[in-house]
Structures are given as structure tokens and as C-alpha cells.
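Single-letter residue listing:
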Amino acid sequence: MKILVFIKQVADSEARIIISADHKSLEIENKYTLNFFDEFAVEEAIRIKEKFKDSQITVCTFGAKRSIEALRTTIAMGADRAFLIDNTQYPSENPMVVATILARFAQQEGFDIILCGRQAMDDENAQLGSMIAELLSIPHISAIMKLEIIGDKKVRVENEIEGGRATIEVTLPALFTTQKGLNEPRVPLITGVMKAMKATIPVIDPLTLGLTKEELDSYAAMMHLFSYEPPPSRPPVKIIEGETPEEKVNKLIKILKEDAKVL
Amino acid sequence: MTNNICVFIETKDRSVRKASFELLSKGKEIAEQVSSQLYAILIGYNISSLTEELKPYAHTVVVVDNEALQEYRWDTYGDVLEKLFKQYTPYLVFGASTTTGKDLFPRLAARLKGYIISDAVGITLDGTQVKVKKPLFGGKILSWFAYTGDRTLFVTFRPNSFAVSKGSYQGEVRLEKIECSHDERMHIIGIDKGGSKKVDLQEADFIICGGRGMKGPEHFQVLEEIADIMHGRVGASRAVVDSKWREYDDQIGKSGKTVSPKLYIGCGVSGALHHTMGMDTSKTIVAINKDPNAPIFQYADYGIVDDIFTILPVLKEKLKQAKGEV
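Each chain carries its own residue numbering, running from 1 in the direction its sequence is written. Think of it this way: whatever chain is written first is A, whatever ligand is written first is 1, and the rest follow in order. Two thresholds apply to this predicted model, a pLDDT of at least 70 for residue-level local features and 80 or more for giving and counting side-chain atom pairs, whereas whole-chain, interface and lining totals are computed over all residues.

Chemist: Would you mind going over the overall build of chain B with me for this structure?
Modeler: Secondary structure assignment for chain B yields eight helices and 18 strands. All radius of gyration figures rest on C-alpha atoms, and the globule criterion is 2.2 Å times the number of residues raised to 0.38. The globule rule puts the C-alpha radius of gyration for 326 residues at 20 Å, and the 21 Å found for chain B is close to it. Across its three principal axes, chain B shows a C-alpha extent of roughly 60 × 45 × 45 Å. Exposure in this text rests on C-beta crowding, where 20 or more other C-beta atoms within 10 Å of a residue's own make it buried, 12 or fewer make it exposed, and counts in between make it partly exposed. The C-beta atoms are placed from the backbone. Looking at the 326 residues of chain B, the share that counts as buried comes to 54%. In this description a helix means any DSSP run of H or I spanning at least four residues, a strand means any run of E spanning at least two, and both kinds are numbered starting from the N terminus.

Chemist: I'm lost on the overall build of chain A in this one. Help?
Modeler: Scanning chain A from terminus to terminus reveals seven helices and 15 strands. Referenced to the eigenvectors of the C-alpha coordinate spread, the extents of chain A come out at roughly 70 × 45 × 40 Å. Within chain A, counting contacts between residues at least 6 apart in sequence, those at least 24 apart form 68% of the total. Distance between backbone-placed C-beta atoms decides contact: two residues are in contact if it is within 7 Å.

Chemist: Help me understand the interface of chain A and chain B, please; the structure alone is not making it clear to me.
Modeler: Many structure descriptions define interface size as the accessible area lost when the parts assemble. Counting residues at the interface gives 66 residues for chain A, matched by 69 residues for chain B. Each residue is assigned to one class: nonpolar for Ala, Val, Leu, Ile, Met, Phe, Trp, Tyr, Cys and Pro, charged for Asp, Glu, Lys and Arg, and polar for all the others, Gly among them. The residue makeup of the side of chain A that touches chain B, split by class, is 36 nonpolar, 14 polar and 16 charged. With six bridges connecting them, strand β14 (residues 223-229) of chain A and strand β10 (residues 141-147) of chain B associate as antiparallel partners. Paired with E229 of chain A across the two strands is L142 of chain B, which belongs to β10 of chain B. By this definition, two strands are paired if DSSP reports at least two bridges between them.

Chemist: Please explain the environment of V262 of chain A as it appears in this structure.
Modeler: Note that V262 of chain A resides in the segment after α7 (245-258). The residues contacting V262 of chain A, other than those within four sequence positions of it, are L256 of chain A together with K262, L263, K283 and T284 of chain B.

Chemist: In this structure, what is going on with the nonpolar core? I would like to understand it.
Modeler: The nonpolar side chains of a soluble globular protein tend to be buried, and buried together. As used throughout, a nonpolar core is a set of buried Ala, Val, Leu, Ile, Met, Phe, Trp, Tyr and Cys residues joined through C-beta atoms within 7 Å of each other. Residues V5, L102 and I132 of chain A together with V7, A40 and I41 of chain B are the most contacted members of the largest nonpolar core, which totals 119 residues. The biggest single contributor to this core is helix α3 (residues 95-109) of chain A, with nine residues. Apart from residues lying up to four places away in sequence, V5 of chain A is in contact with A41, V42, A45, I57, V59, T74, A79, L115 and C116 of chain A. Counting residues in each nonpolar core, the second largest holds 48 residues, with I240 of chain A together with I285, I308 and L315 of chain B among its members.

Chemist: What exactly am I supposed to notice about the domain arrangement of chain A here?
Modeler: For chain A, the assigned domains are domain 1 (2-220) and domain 2 (233-263). Placing a centre on the C-alpha atoms of domain 1 of chain A and another on those of domain 2 of chain A gives a separation of 46 Å. Domain start and stop positions are those given by an automatic or database domain assignment.

Chemist: Sorry if this is basic, but what is going on with α7 of chain A here?
Modeler: At 3.6 residues per turn, the α-helix brings residues three or four places apart onto the same side. Expected helix span is given by 1.5 Å per residue-to-residue step, counting one fewer step than there are residues. For α7 of chain A, built from 14 residues, the straight-helix expectation of 20 Å at 1.5 Å per residue is met to within 8% by its first-to-last C-alpha distance of 20 Å. Turning to α7 of chain A, the residues buried within the fold contact β16 (263-267), β17 (284-289), β18 (302-305) and α8 (308-325) of chain B.

Chemist: Sorry, what's going on with the sheet that holds strand β13 (residues 186-192) of chain B here?
Modeler: The strands that make up a sheet pair up through hydrogen bonds in the backbone, lying either parallel or antiparallel. Here we have 10 strands laid out as an open sheet, ordered β13(A)-β7(A)-β6(A)-β1(A)-β8(A)-β12(A)-β9(A)-β10(A)-β11(A)-β13(B), and mixed in their pairing. Single-partner strands in this sheet number two, and they are β13 (203-204) of chain A together with β13 of chain B. One ladder, built from four bridges, connects strand β1 (residues 2-6) of chain A with strand β8 (residues 113-117) of chain A; its direction is parallel. Bridging from a neighbouring strand, F6 of chain A pairs with C116 of chain A of β8 of chain A.

Chemist: Could you clarify how one ought to interpret the packing of helix α2 (residues 68-77) of chain A against helix α5 (residues 190-198) of chain A in this entry?
Modeler: Packed helix pairs are characterised by how far apart their axes lie and by the angle those axes make with each other. Residue and element names in this part refer to chain A. Lines fitted to the C-alpha atoms define the axes, with helices restricted to the stretch that makes contact. Angles between their N-to-C directions range from 0 to 180 degrees. In contact at an axis separation of 7 Å, α2 and α5 are set at 135 degrees when each is read in the N-to-C sense. Here α2 lies oblique to α5, going by the angle between them. As α2 packs across α5, the resulting crossing turns out to be right-handed. Where α2 abuts α5, its residues R72, I75, A76 and M77 lie against G192, V193, K195, A196 and M197. Considered class by class, the residues forming the contact of α2 with α5 number six nonpolar, one polar and two charged. With respect to orientation, any angle under 35 degrees is reported as roughly parallel, any angle over 145 as roughly antiparallel, any angle of 65 to 115 as roughly perpendicular, and every other angle as oblique. Handedness of a crossing is defined here by the sense of rotation of the near helix relative to the far one, left-handed for an anticlockwise turn of less than a right angle and right-handed for a clockwise turn.

Chemist: Explain the pairing of strand β10 (residues 154-161) of chain A to me, please; I cannot follow it from the model alone.
Modeler: Consecutive side chains of a regular strand alternate in pointing toward one face of the sheet and then the other. Residue and element names in this part refer to chain A. β10 sits mainly inside the fold: six of its eight residues count as buried. Both strand β9 (residues 140-151) and β10 contribute to a ladder of six bridges, which runs antiparallel. Directly across from E148, in β10, lies its bridge partner R156. Hairpin geometry of β9 and β10 is characterised by an intervening segment of two residues between the two adjacent antiparallel strands and by a positive phi of about 65 degrees at K153. Direction of pairing for β10 relative to strand β11 (residues 164-171): antiparallel, over a ladder of eight bridges. Within β11, the position partnered with E158 by the bridge is T167. If you look at the hairpin formed by β10 and β11, you'll find two residues sitting between the two strands, and G163 has a positive phi there, around 75 degrees.

Chemist: In this structure, what is going on with the environment of I3 of chain A? I would like to understand it.
Modeler: Take I3 of chain A: it is sitting in strand β1. If we ignore the near neighbours within four places in the chain, the residues touching I3 of chain A are A45, I48, S55, Q56, I57, D112, I113 and L115 of chain A.

Chemist: What's the story with the domain arrangement of chain B in this structure? I'm lost.
Modeler: Residue and element names in this part refer to chain B. Taken domain by domain, chain B holds domain 1 (5-175) and domain 2 (206-325). Spacing between the C-alpha centres of domain 1 and domain 2 amounts to 31 Å. Facing four residues of domain 1, the contacting portion of domain 2 comprises seven residues.

Chemist: Can you help me understand the sheet that holds strand β1 (residues 5-8) of chain B in this one?
Modeler: Residue and element names in this part refer to chain B. If you walk across this open sheet you meet the seven strands as β7-β11-β6-β1-β4-β5-β12, and the pairing is parallel. Each of the sheet's edge strands pairs with one partner strand only, and the pair in question is β7 (115-120) and β12 (172-175). With strand direction ignored, the average angle separating the axes of adjacent strands in the sheet is 20 degrees. As judged from the six bridges shared by strand β4 (residues 38-44) and strand β5 (residues 60-65), these two strands associate in the parallel manner. Paired with Y39 across the bridge in β5 is T60.

Chemist: Can you walk me through the packing of helix α4 (residues 128-136) of chain A against helix α4 (residues 99-111) of chain B in this structure?
Modeler: At a closest axis distance of 8 Å, the pairing of α4 of chain A and α4 of chain B adopts a crossing angle of 40 degrees. Judged by the angle between their axes, α4 of chain A and α4 of chain B are oblique. As α4 of chain A packs across α4 of chain B, the resulting crossing turns out to be right-handed. Taken together, the residues of α4 of chain B that come into contact with α4 of chain A (itself represented by S130, M131, A133, E134 and L135 of chain A) are D103, P106, R107, A110 and R111 of chain B. Split by residue class, the contact of α4 of chain A with α4 of chain B holds five nonpolar, one polar and four charged.

Take a look at the structure:
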């Protein structure tokens, strides 16, 4: 089984983010981590390999050089190899550009299963999985919470749908996006960390994947960042005082009715 | 390419979801600005009766009623929408950033070589430039993107991003006969919508959320009762879900759902960053916690510092009265 896992290195939720004076760029504190939902993708790949020993797990990201740290984390967990498609020359966050690059990588590598997190924590786009599947003309299943290989080239999954769960059988090759609840991602062992530190992670220039700059630019040109702004700040909390619970609740209801007008 | 706007209508339990009316209301505002046509796109099976409530909200209600569309699947729905959008060539397509919207629109945008912005919370027209507002980094940053492309722009919006206005069109209903194909490689074996909760968490106007301070699953009963009175939903913090007191579907926050109800009441919720990232766009936030230093009070509009177990029964009675008076 050839398993590809696409991951993203994202700013930690605790990282400080400062908006530049011209509101056109962000300065992000140097605290990055493997995207939360991608951990389930890596873990699931390892679990498949534990059952089907001749599997190979390849992890790939399109990102800045620092993303190599997130790739090392996946090797420490148990991935076999990792590739960084370096975005330095082409720093696009444009989802169609990223999807096109990763789909091209998948075509070159070959695959039976592609796994990735259901969304990234930084942009919360939830776009790449199904876009890559479309570009590769393979089925995708979003937000899976159970995966079982039930035969040659056949997988049964359970996934989150509107208001419930579905059980779906899919013929491989296919792409799955992973949701919390699928598994419990492992903490790397020290031997894994040692292996990851020594691992060679090839760096790929996206323009060597058979894509032209014009092709990528045609998407990138459609959208530009206009500005960043901080979220509107809330006035300080109004603590509702009272002698008894009744008095407090009565005051609260009055405020919600008359001031906030939400009752 | 026209300058028309298509809104994809989502349904639930044989009625149009509130999120779709929000999108139609915003769509109307923009359609009037550029005198374009507003289409409500309603697809499914046995749904023709829903056109009545949609007529006031669009110039045209386009209906595709086909047995193959009974349950949502990206392949069948995507196939029909692809054909419709090739026919109507809209400049803007609005959808809701729901489980369905997240599954469907990126794939469709890639197929139609369009452009997509997901999980947006606002949109304006600035001359001929479309500007879309979207939170990043769990709401720490708001970004505005300007679209200058000449292809269809798909935008999915978080439910509760826009108010529902009163519909004033007398929309025409147009039945389109469209055959749809499905992907042979994918078979749905079963669908479980058991315990179908009354309101979708992301769509709820009212959410009462329990945190670790609720002390155990049995105490969520009173929250359920309050949610019922308010026609809202019970939410839960990550600690509560990790302790298996509530299902993951109820989880609000970074690793759960992002919500922005009109009124959010947090009960025994400490207000850790991963939780507040999922609820800080709520219109009014009330926190009830016995610890006056709980971080949730930094996000709340109103706070009660007291034991939740003495406040909740009183709150339930008073909300019942307040609802009764209306």
C-alpha cells in the first residue's frame, strides 16, 4: 500500500501575531507546530502500515523551509520518508496553487491512499483535500472517524455528515480527510526522534514538478490581500452583582432584554 | 460571465435552513447594488414544496428535483451544480460553511476552475471589486481579500454571519430537468442521523455551553432544559468532550465547531484559548463561573460570579417566564 500524507505546519494557537503598520502583513511569533488535524492523518497511515507491513508512508508539504520541523515530527511518529516542496520562490497561500502543486507531486509519486487533516488551524479553509482529489479525478471522503481496509483496493470508512454519520465503501485510490475521533495520535518515542533528526528530507522546487509559473500565476493573480485588522475588541465584562441568585438572574434577564436585546 | 449571484440552498428535515436565508438576504443586498439577478438553487428530492418560502428571497428559484439527489453526496450534487453553473454562469456563488458546504464547494470550484474563499463572515462591493472578510488564526486576525478574477467566485460563509431580512421578491420558479451521474467508486452503506438534535450547533441562535465546572454528565440535564426553552442547543468545552460527558458533535472551539450565536451562556467554562477561538464572535456572551479570575470573563459581555448549581435552576425558571411573556 502506498500512502501519501499531506500536512501543514501552522502557527501554534498560543503564538503572538502582530499586524504590520500598513495592515498588509503579519508578524508571527516563531512558534509553529504540526497542524492538529494532520496528526490524525499521520497516525492513521502508521496504523495501516502496522497491519499491511509492505506499506510505505510518504509525507509531503508545500511550505516555508521551517516546515521541515513538522515533517521531522511525522518521521518521529513513524512515517518512512518526507519531502518539502519549498515555497520560498513561490510563496503562495492560494489554495488552487497549493492543490495543483500537491496533486502533481502525488501523480509523480503514485499512491493508493492519500490522507490529510480536514482543515488547517491557521486559515480554517478546509479546501485542499477535496481539491486535490478533484485534480486527481479520485473520490474523496471528508472528516473520517473510522477507516478499515476490507479488501484489495477497498476501504470502508465512517465519516461526519450533516447531522450524523455515514458509512461508505470506496474503491482505491482515494483521498480521506481526517477528523478528531479517528484515532489517538501517538507521542513519538525517543528512538523515533533520533531517527527523525538524522533523516534526510529532500527539498523540491515546485517548478520542477512540470508546472509552469504562468499556470500558477493565473490563479494567484485573481486574489490579493487587501488588509489585516484586529478583531473588534469587546468592552470589559459587566459583572452582575446581587445578594441572592434570584437577584442576579433577574438583573441578567433585564439586561439581556433591554440592553443586549437578545431575549 | 454574467454578474449574477447564485445561492446554494441547504435543507434539513424538509425545510430550508436558516443559514440559506441569511445568504439570500446578503445576496439581495449585493444584487440590488449591481442590478444583477439573484438565483436560489434548490436541489434534492421531493423538495418542490419548499419553493413557496424561497420565492420572496430571489428573482428566480431554480429547482432540480431528482430521486438520485435524496441524500447529499458531492458527486451527484457536484454534477448537477456543475451543469447549472455552466448554464447560468454566475459571478458569485454563495454557500454555507457547514459540513456539506466544506465537502462540496472546494471540489466544485476546482472543477470549474473558479476561485473559492471559505469560512468567510462578510462581503462588500467596493466599486467593481468584491471584498471578502475572513477570520484567520482562530479569530485573532480578521483579513479582507479583494477578488479581481474574471471567473466564478465561490464564497462559503459561517452560519449566523448575516441577519435575515424580509423577502420582497415575487420569484419565478424554474424547474430544471437535469440528469445526474454518480461516482461508481463510492457506495453509501448506511446513514445514521439518530438523535437528530433539533437545531444545528453552528446555526443555533442560542447556545448554553457546559465546561468542566459542570462536574459530570448528569448535570447537563438542566442545560438541555434551558436549551429547549430557548429553542437552542447545548454546547460543550473540550474538557467535557474528552471526559466523555458529551458527544464530540457538541464541542465548541479550535478542535470542534466555530459558533456565533446571538446569545452564548458559558456555565463553568474556564475560557481556555482553544475554546474562546470557537465562540468569541458570538453577539452577546454571558459567563457564569464561581472563579472571578476565570479567563472567560475577558471575553464575556456579562458575568455572574457564583456557583452554577445555584444559578442554573433559577435561570431556567426566569428564562421560561421571559419566553412566556413574549
